[in-house]
Amino acid sequence: MREVAVVSVGYTRVSEHWEKSIKALFVEAALKALENADLSAKSLDGIYVANVFAGCLQGQTNLANVLADSLGLYDKFAISIDAGGASGALAIHEAYKDVAHGVRDLVMVCGVEKMSEASPQEIVSALTSVVDQEHLKYTGITVHSLAALIYKTYLKRFNKKQEDVALMSVIDHEHAATCHHAQYPFKLSLETIMSSAILADPIRVLEAISPSDGSAAIIMCLHEKAKELGLPHVKLVTSQIARDRLNLTERDDLLSMKALVEAAQRAYSSAGIRPSDLSFVELYDDYSIMGVIALEKLGLCGPGEGVELLKSGEVKLSGSIPVNTFGGLKARGAPLGAIGVYQAIEAFLQLTGNAGPNQVKNARIGLTHTSCGFNSIVVINLFEVCC
Amino acid sequence: MATSAYWRTRIQRYRLMGNKCSSCNKVFFPPRLVCPHCGSVKLDECKLPEKGRLVDYTVVYSAPKGYETVIPYVIGLVELENGVKVVAPITDVDVDEVKEGMEVELTIRKLPEQLEGGMICYTYKFRPVIK
Ligand SMILES: [Zn+2]
């Protein structure tokens, strides 16, 4: 297999971009990524577009075709990828395989999402639509209520307090406070989080993602070509995907998260590293509890020790294993299909020393964890600094 | 969901009808088209027990369209007498009086959401067993 590098990134701030269409958001991020690498769109061999809701919220299907056309790439390969929250990372996974196997040499992966055009009720329905709708539609079951069942199971099994789990959101906000592209660049106290409205008991609004608009693009190519171009770049060492049952009721245990464990183990063994070798982690915390569980399943601590790891402060920028260095899903924001691409960009910024006030010292290797439907699809990407 | 899709799922929705693999005897709810255990496509309708235990529950305050009018409502994880688990709305009990471990039984109830043309929808819910 050929070695694959990320050579450039472009992105919009995560926000509610009332004045920009999904096309405008895409073009903005794509042009920035091209400009940063001094490349023309024509030099690309194709684009991979990650998106979840354009069909239901914008009434726009065939998105990759529409977006490629809007960039003037009407004669190049373009593919849409929808895997819920895992879409962005899965698009990177597909691009990685194509470059590694010699199918294409220079490609762009773009994640784009525009959720601000929907009402709060439509967002609940849209987020819930990633789980089996023939079964769940017309029950009133929401994605929040499923997360709440996982949350309560965790608190009971490990005898933990919600205040400890909610620390995940406090830390996300602490890191986002100095992040220019964050949707919510400010600190939040535990008291504020714990007194916010309840989505589904016990989950508070400030422990969960909110509707976001954003577009994130990365340019990937052969490692050899990256050197030729003389661009600052990072290696995408491995990209692993694993799946689990979508219906929580069919899993042996609500807290097993088998796909996350499997993808992480395969990523570590494929790269020949251990969790302790990681310089930082960008994990998928669509709910604070899912972030805490991810800390454990990624092997950063033992079962039930996620909250202790949060309390220890080791997950902060100055700690031994910084987590969500730009604010994670909660505070950087979570434009659903673009999440995995934003995470890759954050890894790129860290590993090229361009993370500004959020820079992690001696960043060598970073892990991104992206998931869909309570880790029913998990993509783990490992990025490494290039000497 | 279209009227036809609602109609298509009426049996599982009204009667809590799952299905059972004729090769490995595993029971599924919602009904499956292929057995994930043995790959068999021979699955027979299987009526699920109407009683079970409320393993855990949550009270919903942020609802999808149509359900804003009924918040707060309870969604529970129910383990039926044959071990099959179902996530379902819990009814006939005050949100403050729901208890883990509660014995619950099947009931059919009207939903706040309607189909196009105003057709009223029903689904399975569980209510506390009155002893
Ligand atoms: Zn079977």
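What this report covers is the structure whose coordinates are included nearby. Note that the coordinates shown come from a computational prediction; the quantities given were computed from them, not determined experimentally.

About the criteria used
- Residues numbered from 1 in each chain as written.
- Chains lettered and ligands numbered in written order.
- Predicted model: local features only at pLDDT ≥ 70, side-chain atom pairs only at ≥ 80, totals over all residues.
- Heavy atoms only, no water.
- Axes fitted to C-alpha atoms, helices over the stretch in contact; angles between N-to-C directions.
- Helix = DSSP H or I, 4+ residues; strand = E, 2+ residues; numbered from the N terminus.
- Parallel < 35°, antiparallel > 145°, perpendicular 65-115°, else oblique.
- Contact = heavy atoms within 4.5 Å.
- Nonpolar A, V, L, I, M, F, W, Y, C, P; charged D, E, K, R; others polar.
- Core = buried A, V, L, I, M, F, W, Y, C linked by side-chain atoms within 4.5 Å.
- Buried < 20%, exposed > 50% of the residue type's maximum accessible area, 1.4 Å probe, protein only.
- Buried area = accessible area lost by both parts, 1.4 Å probe.
- Salt bridge = Lys/Arg side-chain N within 4 Å of Asp/Glu carboxyl O.
- Polar contact = N/O pair within 3.5 Å; in protein donor to acceptor, adjacent residues only side chain to side chain.
- Donors = N, O, S within 2.8 Å, 3.2 Å for Na, K, Ca; no water.
- Tetrahedral: all angles 85-135°; square planar, octahedral: opposite > 155°, others 65-115°.
- Phe/Tyr/Trp six-rings, centres within 6.5 Å; stacked < 30°, edge-to-face > 60°.
- Lys NZ or Arg CZ within 6 Å of the ring centre and 35° of its normal.
- Pairing = 2+ DSSP bridges.
- Left-handed = near helix turned anticlockwise from the far one by under 90°.
- 1 Å grid on protein atoms, 1.4 Å probe; cavity = no way out; pocket = protein on both sides within 12 Å on 5 of 7 lines; lining within 4 Å.
- Points joined across faces, edges and corners; volume = space filled by probe spheres on them.
- Disulfide = S-S within 2.5 Å.

Time to look at the packing of helix H4 (residues 87-100) of chain A against helix H16 (residues 339-351) of chain A. Residues and elements named next belong to chain A. Between H4 and H16, the least distance of the axes is 5 Å, while the angle of their chain directions is 70 degrees. It follows that H4 is roughly perpendicular to H16 by the angle criterion. The segment H4 lies against H16, with Gly88, Ala89 and Ile92 engaging Gly340, Val341 and Ala344. Grouping the constituent residues of the contact of H4 with H16 by class yields 4 nonpolar, 2 polar and no charged.

The subject of this paragraph is the nonpolar core. The tendency in soluble globular proteins is for nonpolar side chains to be buried as a group. All names here are of chain A. With 87 residues, the main nonpolar core has Leu278 and Leu298 as its most contacted residues. Sorting elements by how many residues they give to this core places helix H7 (residues 143-158) first, with 9 residues. In terms of nonpolar packing, the next biggest core, distinct from the first, is built from 48 residues, Ala86, Ala91, Met220 and Ile377 among them.

Counting from both sides, the interface comprises 31 residues of chain A and, opposite them, 41 residues of chain B. Taken together, the two surfaces of chain A and chain B that pack against each other cover about 3000 Å², and 56% of this comes from carbon and sulfur. On the chain A side of the interface with chain B, the three residues burying the most area are Tyr138(A), Leu149(A) and Thr249(A), jointly 25% of the side's total. Taken together, the connections running from chain A to chain B amount to 7 salt bridges. In this structure, Lys156(A) and Glu100(B) form a salt bridge, with 3.2 Å as the shortest nitrogen-oxygen distance. Between chain A and chain B we count 12 residue pairs in polar contact (both at pLDDT 80 or more) in total. Those elements that place two or more of their residues in the side of chain A that touches chain B are helix H5 (120-128), helix H6 (133-136), H7 and strand S5 (198-200) of chain A. Among the elements that line the side of chain A that touches chain B, the one with the most residues is H7(A), at 8 residues.

Quick look at the coordination of the zinc ion now. Note on metal sites: the ideal angle is 109.5 degrees for four tetrahedral donors, and 90 or 180 degrees for six octahedral donors. Residues and elements named next belong to chain B. Protein coordination at the zinc ion comes from Cys21 (SG), Cys24 (SG), Cys35 (SG) and Cys38 (SG), with a distance range of 2.3 Å. Coordination at the zinc ion is tetrahedral, judged from the 4 donor atoms that bind it and the angles of 99 to 121 degrees they form at the metal. Sequence spacing of the donors to the zinc ion: C-x2-C-x10-C-x2-C. Of this pair, Cys24 sits in the loop between strand S1 (17-21) and strand S2 (27-28) while Cys38 sits in the loop between S2 and strand S3 (43-47), placing them 14 residues apart in sequence.

For the coordinates displayed, the defined rule picks out 8 aromatic pairs over all chains. Ring geometry for Phe29(B) and Tyr124(B): centres 5.4 Å apart, planes at 75 degrees, overall edge-to-face. Here the residue Phe29(B) occupies a position in the loop between S2 and S3, and Tyr124(B) occupies one in strand S8 (residues 120-128), the gap between them amounting to 95 residues. Here Phe29(B) and Tyr124(B) have matching classes, each one buried. Of the aromatic side chains, those joined through ring pairs into one cluster are Tyr138(A), Tyr6(B), Tyr14(B) and Tyr122(B). The cationic tip of Lys137(A) hangs over the ring face of Tyr138(A); the distance from NZ or CZ to the ring centre is 5.4 Å. Over the face of the ring belonging to Tyr57(B) we find Lys152(A), whose NZ or CZ atom lies 3.8 Å from the ring centre.

Time to look at the pairing of strand S4 (residues 106-114) of chain A. All names here are of chain A. Where burial is concerned, most of S4 is hidden: 9 out of the 9 residues are buried. Burial of S4 is two-sided: the residues Leu106, Met108, Cys110, Val112 and Lys114 facing one way and the residues Val107, Val109, Gly111 and Glu113 facing the other way are all buried. Bridge count between strand S2 (residues 46-50) and S4: 5 bridges; the pairing is parallel. Residue pairing in the sheet places Ile47 in a bridge with Met108 of S4.

This part takes up the pairing of strand S4 (residues 51-60) of chain B. Residue and element names in this part refer to chain B. The buried fraction of S4 is high, at 7 of 10 residues. The sheet contact formed by S4 and strand S7 (residues 103-114) spans 3 bridges and is antiparallel. Looking at S7, one finds that Gly52 is bridged to Val104. Looking at chain direction, S4 and strand S5 (residues 73-80) are connected through 8 bridges and run antiparallel. Within S5, the position partnered with Asp56 by the bridge is Leu77.

All names here are of chain A. Relative orientation of the contacting elements helix H1 (residues 22-36) and helix H3 (residues 63-70) amounts to 60 degrees, with a least axis distance of 10 Å. Relative to H3, H1 is oriented oblique. H1 and H3 meet at a crossing whose hand is right-handed. Across from Ile22, Lys23, Phe26 and Val27 in H1, the residues of H3 making contact are Leu63, Val66, Leu67 and Ser70. Taken together, the residues of the contact of H1 with H3 sort by class into 6 nonpolar, 1 polar and 1 charged.

Let's shift gears to empty space enclosed by the protein. Summed over the entire model, instances satisfying the criterion amount to 2 cavities of 30 Å³ or more. By volume, the largest cavity amounts to about 160 Å³. Lining the largest cavity are 14 residues, with Leu127(A), Val130(A), Val143(A), Tyr284(A) and Asp286(A) positioned closest to its centre. A breakdown of the residues in the lining of the largest cavity according to their chemical character gives 9 nonpolar, 4 polar and 1 charged. Its volume calculated, the second largest cavity comes out at about 120 Å³. Lining the second largest cavity are Val131(A), Asp132(A), His135(A), Leu136(A), Ile141(A), Leu146(A), Leu246(A), Asn247(A), Leu248(A), Thr249(A) and Val87(B).

This next bit is on the state of the cysteines. Going through the model one piece at a time under the given rule, you end up with 0 disulfides over all chains. Free cysteine: Cys46(B), not disulfide-bonded; nearest cysteine sulfur from Cys21(B) at 11 Å.

Here the focus is unusual backbone geometry. A cis geometry characterises the amide bond from Phe29(B) onward to Pro30(B), with omega recorded as 0 degrees. Ile71(B) connects to Pro72(B) through a cis peptide bond whose omega is -5 degrees. Relative to the elements of secondary structure, Pro72(B) occurs in the loop between S4 and S5. Positive phi, normally seen in glycine, also occurs at Asn324(A), with a value near 50 degrees. Relative to the assigned elements, Asn324(A) resides in the loop between helix H14 (306-312) and helix H15 (328-331).

Residue and element names in this part refer to chain B. Summarising the element assignment, Trp7 is placed in helix H1 (residues 3-8). Of the residues examined, Trp7 reaches a relative accessible area of 52% and is grouped as exposed. Between the C-alpha atoms of Trp7 and Asn82, which are 75 residues apart in sequence, the distance is 27 Å.

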